[in-house]
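Below, each chain spelled out in residue letters.
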Amino acid sequence: MTENSADPSVPEKGRGTPLVSLRGVNKHFGALHVLQDIDLDIAQGEVVVLIGPSGSGKSTLCRTINRLETIDSGTIEVDGRPLPAEGRELARLRAQVGMVFQSFNLFAHKTVLQNVVLAQVKVGRVPRAEAEKTARELLERVGVGAQADKFPAQLSGGQQQRVAIARALAMDPKVMLFDEPTSALDPEMVNEVLEVMRSLAAKGMTMVVVTHEMGFARSAANRVLFMADGRIVEQNTPEAFFTAPRSDRAKDFLSKILHH
Amino acid sequence: MGIPFEDGNFSLFVRGFLGTIELSALSALFALLLGVVLAAFRVSPVPVLRTFGTTWVTVFRNTPLTLMFFAVTFVLPRLDVHISSFTAAVAALSIYTGSFVCEVLRAGINTVPLGQAEAARSLGMGFGQTLGLVVLPQAARAVIAPMGSVFIALPRNSAVAGAFNVFELFSVQKTLTEKGYDIFALFFWLALAYLVISFSVGAVFSALERRTAVVR
């Protein structure tokens, strides 16, 4: 689809050496061609928001970046290196790509603190005391410091998701992937999670966010990608995209979600 | 009626009782190790390992235990593998029980939401760490009750070893029947002994279940 360098609507930030780069990525789920010739470059510090109707392939695209979904053809590079096949190399790369899931996926048998400590110690080989210090700082930063010794099930959804963000940040990732992070939350808890994400974006974290929160897309994104039927149909700055969408699919989508 | 307490039979009973316990305990240990490895194979991303695990379970879960004993007792010597009757019995019981342990574990693994493993992998954990640190500890709770059944069956299955030159509880019956004791009275005492073992195993698993229930 659209090459970033040739597209004047893509912000200046998108033109450096990309941190994440997808070329000609295709994927099928059986007969469904869920990703079709995806080309995408994401620059260091860029916040890219993926929106589109359900089934458009945006979650799948997000999950291919740390190879939770394999692809059928094409290449994906993170920080200039192609994604390795399953194994130690891939594990090492995944540690540098933080992921936040729709359903939080906190380790149910571990306390909040242990959730944030575990991978630091077992994957990052950080001494336990240091890992706990980092964990407490991060939990404090996302506003759940007081819950450190509770189990995930004792927390609200919003708190759990903030712990999940802290858990991913603890690995000091180069890029953070958010797969519909607020879709499983009660409405009053959405903002506390979005606030944490906004502050991350403001600190210069490279982020790929699949979301239905148009407010977040407007205020925090550098670039909005609109996907439909496995393709990136349109990409633009949030301002341009929301005020003047070019494609009919995007116009149709926005009319459905913005006026109801 | 009090056969164990007559004619110095008591030491014979004790020897049989300890024989069954030793055989069962060792077999339980190896079956558990084998079961964990097989279960890991069956959920691993490597197709060869998955096939191996599936084949192993299919073959040994469907082979009658007595046939397993025949195999290790009579076939192995022909292949020039010479092991003691006791070792052979431990092998037969472990291999047989291990396939059941594997399936119980796999059922437990399937109760843990896929997202837990995905979260672990996305943090950079390898297959072993994902399984050992995240999935199996959560599977354990679901697994305890059916695992109890497997390990209660094990000491009772071990009676087959008595027919293959291993001295255990059931061999006591053979020895004493040959001496002319009433077989029904004998069975009563043997049943009692097996009951003590099964009951103890059951109690251990109940305690485990109570302990893990508190965690959440």
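Residues numbered from 1 in each chain as written. Chains lettered and ligands numbered in written order. Predicted model: local features only at pLDDT ≥ 70, side-chain atom pairs only at ≥ 80, totals over all residues. Heavy atoms only, no water.

For chain B, an unreviewed UniProt entry supplies the name Amino acid ABC transporter permease and the organism Kitasatospora phosalacinea. The UniProt entry for chain B carries the following comment under Sequence similarities (unreviewed entry): "Belongs to the binding-protein-dependent transport system permease family. HisMQ subfamily." The UniProt entry for chain B carries the following text under Subcellular location (unreviewed entry): "Cell membrane". (UniProt positions renumbered as here; feature names shortened; annotations may be inferred.)

An unreviewed UniProt entry lists chain A under the name ABC-type polar-amino-acid transporter, with Kitasatospora phosalacinea as the source organism. Listed in UniProt under the heading Subcellular location (unreviewed entry), the comment for chain A reads: "Cell membrane". You can read under Catalytic activity (unreviewed entry) in the UniProt record for chain A the words "a polar amino acid(out) + ATP + H2O = a polar amino acid(in) + ADP + phosphate + H(+)".

Enquirer: Help me understand the UniProt feature "domain: ABC transmembrane type-1" (unreviewed entry) in chain B, please; the structure alone is not making it clear to me.
Expert: Taking the UniProt record as the reference, the feature "domain: ABC transmembrane type-1" (unreviewed entry) is found at residues 17–205 of chain B. Annotated as residues 17–205 of chain B, this span is 83% helix and 0% strand, and its ends, taken at the C-alpha atoms, are 21 Å apart. (Helix = DSSP H or I, 4+ residues; strand = E, 2+ residues; numbered from the N terminus.)

Enquirer: What exactly am I supposed to notice about the environment of Trp-56 of chain B here?
Expert: Locating Trp-56 of chain B in the fold gives a position in helix 2 (residues 47–61). Every residue in contact with Trp-56 of chain B, bar those within four places of it in the chain, is listed here: Leu-34, Leu-38, Arg-61, Ile-95 and Ser-99 of chain B. (Contact = heavy atoms within 4.5 Å.)

Enquirer: Any chance you could explain the interface of chain A and chain B here in plain terms?
Expert: With 26 residues of chain A at the contact, the number on the chain B side is 16 residues. Of the roughly 1800 Å² buried where chain A meets chain B, counting both sides, 62% is carbon and sulfur surface. Ranking the residues of chain A by area buried against chain B places Arg-94, Phe-107 and His-109 of chain A at the top, with a combined share of 28%. At the junction of chain A with chain B, the criterion picks out one salt bridge. Here Glu-118 of chain B and Arg-63 of chain A are joined by a salt bridge, their closest N and O atoms 2.6 Å apart. Run the count over chain A and chain B and you get six residue pairs in polar contact (both at pLDDT 80 or more). Elements with a contribution of two residues or more to the side of chain A that touches chain B: helix 2 (88–95), strand 6 (97–100), helix 3 (112–122) and helix 5 (157–169) of chain A. By residue class, the composition of the side of chain A that touches chain B is 15 nonpolar, three polar and eight charged. (Buried area = accessible area lost by both parts, 1.4 Å probe. Salt bridge = Lys/Arg side-chain N within 4 Å of Asp/Glu carboxyl O. Polar contact = N/O pair within 3.5 Å; in protein donor to acceptor, adjacent residues only side chain to side chain. Nonpolar A, V, L, I, M, F, W, Y, C, P; charged D, E, K, R; others polar.)

Enquirer: Is there a simple way to think about a nonpolar patch on the surface in this case?
Expert: On the surface, Leu-67, Phe-70, Phe-74, Val-75, Leu-79, Val-81 and Ile-83 of chain B cluster together to form a nonpolar patch covering roughly 640 Å² of accessible area. With respect to the helices, strands and loops of the structure, Ile-83 of chain B is situated in the loop between helix 3 (65–78) and helix 4 (85–111). (Patch = residues over 30% accessible without salt bridge, like charges linked within 9 Å, V, L, I, M, F, W, Y side chains within 5 Å. Areas by Shrake-Rupley, 256 points an atom, 1.4 Å probe, with all protein chains shown as cover.)

Enquirer: Please explain the UniProt feature "domain: ABC transporter" (unreviewed entry) in chain A as it appears in this structure.
Expert: Here, the residues flagged by UniProt with the feature "domain: ABC transporter" (unreviewed entry) are residues 20–254 of chain A. Within residues 20–254 of chain A, the helical portion is 38% and the strand portion 26%, while the C-alpha atoms at the span's ends are 27 Å from each other.

Enquirer: Help me understand helix 6 (residues 187–202) of chain A in this model?
Expert: Every α-helix winds through 3.6 residues per turn, so residues three or four apart in the chain are directed the same way. All names here are of chain A. For helix 6, with 16 residues, the first-to-last C-alpha span of 23 Å sits near the 22 Å given by 1.5 Å per residue. Three or more residues of helix 6 are buried, namely Met-189, Val-190, Val-193, Leu-194, Val-196, Met-197, Leu-200 and Ala-201. Within helix 6, the buried residues cover an arc of 155° as seen down the axis, which keeps them to one side. Every exposed residue of helix 6 that faces more than 90 degrees away from the buried side is listed here: Glu-188 and Ala-202. Where helix 6 ends, the next residue or the one after it, Gly-204, has phi of about 95°, a positive value. (Expected span 1.5 Å × (residues − 1). Buried < 20%, exposed > 50% of the residue type's maximum accessible area, 1.4 Å probe, protein only. Arc of directions from axis to C-beta.)

Enquirer: Teacher, can you tell me more about the packing of helix 1 (residues 10–43) of chain B against helix 6 (residues 127–157) of chain B here?
Expert: All names here are of chain B. One can describe the packing of helix 1 onto helix 6 by two numbers: an axis separation of 11 Å at closest approach and a directional angle of 140°. When the interaxial angle is binned, helix 1 and helix 6 end up oblique. In this structure, helix 1 meets helix 6 at a crossing whose hand is right-handed. Listed contacts from helix 6 to Thr-20, Ser-24, Ser-27, Ala-28, Leu-32, Val-36, Ala-40 and Val-43 of helix 1 are Phe-127, Leu-131, Leu-136, Met-147, Phe-151, Leu-154 and Pro-155. Across the contact of helix 1 with helix 6, the residue classes tally to twelve nonpolar, three polar and no charged. (Axes fitted to C-alpha atoms, helices over the stretch in contact; angles between N-to-C directions. Parallel < 35°, antiparallel > 145°, perpendicular 65-115°, else oblique. Left-handed = near helix turned anticlockwise from the far one by under 90°.)

Enquirer: How should the sheet that holds strand 4 (residues 73–78) of chain A be read in this particular structure?
Expert: The strands making up a sheet are joined through hydrogen bonds of the backbone, oriented either antiparallel or parallel. Residues and elements named next belong to chain A. What the four strands build is an open sheet, ordered 2-1-4-5; its pairing is antiparallel. Only two strands of the sheet have a single partner each, and these edge strands are strand 2 (32–43) and strand 5 (81–82). Where strand 1 (residues 18–29) and strand 4 come together, five bridges link them in antiparallel fashion. Bridging from a neighbouring strand, Leu-22 pairs with Ile-76 of strand 4. (Pairing = 2+ DSSP bridges.)

Enquirer: I tried to follow the side chain of Ser-27 of chain B on my own but got confused; where do I start?
Expert: All names here are of chain B. Examined against the element boundaries, Ser-27 turns out to sit in helix 1. Given a relative accessible area of 0%, Ser-27 falls into the buried group. Here Leu-23 takes part through its backbone oxygen, which lies 2.7 Å from a polar atom of the side chain of Ser-27. Apart from residues lying up to four places away in sequence, Ser-27 is in contact with Val-90, Leu-93, Ser-94 and Leu-154.

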